[in-house]
Amino acid sequence: MGKNGENEELDMEFDDTVTLTLDDGEEVECAVIAIYPVDGKDYIALLPMEGEAADTGEVYLYRYEEDEDGNPDLSNIEDDDEYEMAADAFDELLDMEEYDEWVDEEELDELEEELEEIADIVEED
């Protein structure tokens, strides 16, 4: 997972993609993976859709806020500890998403029923 790609300007229609303008003037189209909270702050995870970063699966993490008009504002995460917390929370979010994809709600209900039946049998003995 890559650390933020020095973003200063943001040109976005906040559907599911954003266009980042990096410090060097390069524009990178990114898919919005998630906006998630950590310790009272919001963060956004972006996946570049083209270029080398897209080929490697690199994910950009930024601090996410909205101005008084509701327009999104991204800022670099400068502090290493803060970045580590945001990255760890994103990893946990991915792990939960992968788990949800593996086990759907119906399977969970069936598993819970089986566990209840086993618990009843154990109590009878």
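Residues numbered from 1 in each chain as written. Predicted model: local features only at pLDDT ≥ 70, side-chain atom pairs only at ≥ 80, totals over all residues. Heavy atoms only, no water.

Novice: An account of the pattern of salt bridges is requested, with residue identities and associated values reported.
Specialist: Where side chains of opposite charge bring their charged atoms close, a pairing between them can arise. For the structure shown, the criterion picks out two salt bridges. The partner of Glu82 in a salt bridge is Lys41, and the shortest N-O contact between them spans 3.9 Å. Of this pair, Glu82 sits in helix α2 (residues 80-102) while Lys41 sits in strand β4 (residues 41-48), placing them 41 residues apart in sequence. One salt bridge connects Glu82 with Arg63, and the closest N-O pair in it is separated by 2.7 Å. In this pair, Glu82 is assigned in helix α2 and Arg63 in strand β5 (residues 60-66), connecting sequence segments 19 residues apart. Like Glu82, the residue Arg63 is buried in the burial classification. Each member of the salt-bridge network shares a partner with another, and the members are Lys41, Arg63 and Glu82. (Salt bridge = Lys/Arg side-chain N within 4 Å of Asp/Glu carboxyl O. Helix = DSSP H or I, 4+ residues; strand = E, 2+ residues; numbered from the N terminus. Buried < 20%, exposed > 50% of the residue type's maximum accessible area, 1.4 Å probe, protein only.)

Novice: Which residues make up unusual backbone geometry, and what values go with them?
Specialist: Most peptide bonds take the trans form, and the phi angle of most residues other than glycine is negative. Positive phi values are uncommon outside glycine, yet Asp39 reaches one of about 50°. Following the sequence through the fold, Asp39 ends up in the loop between β3 (27-38) and β4.

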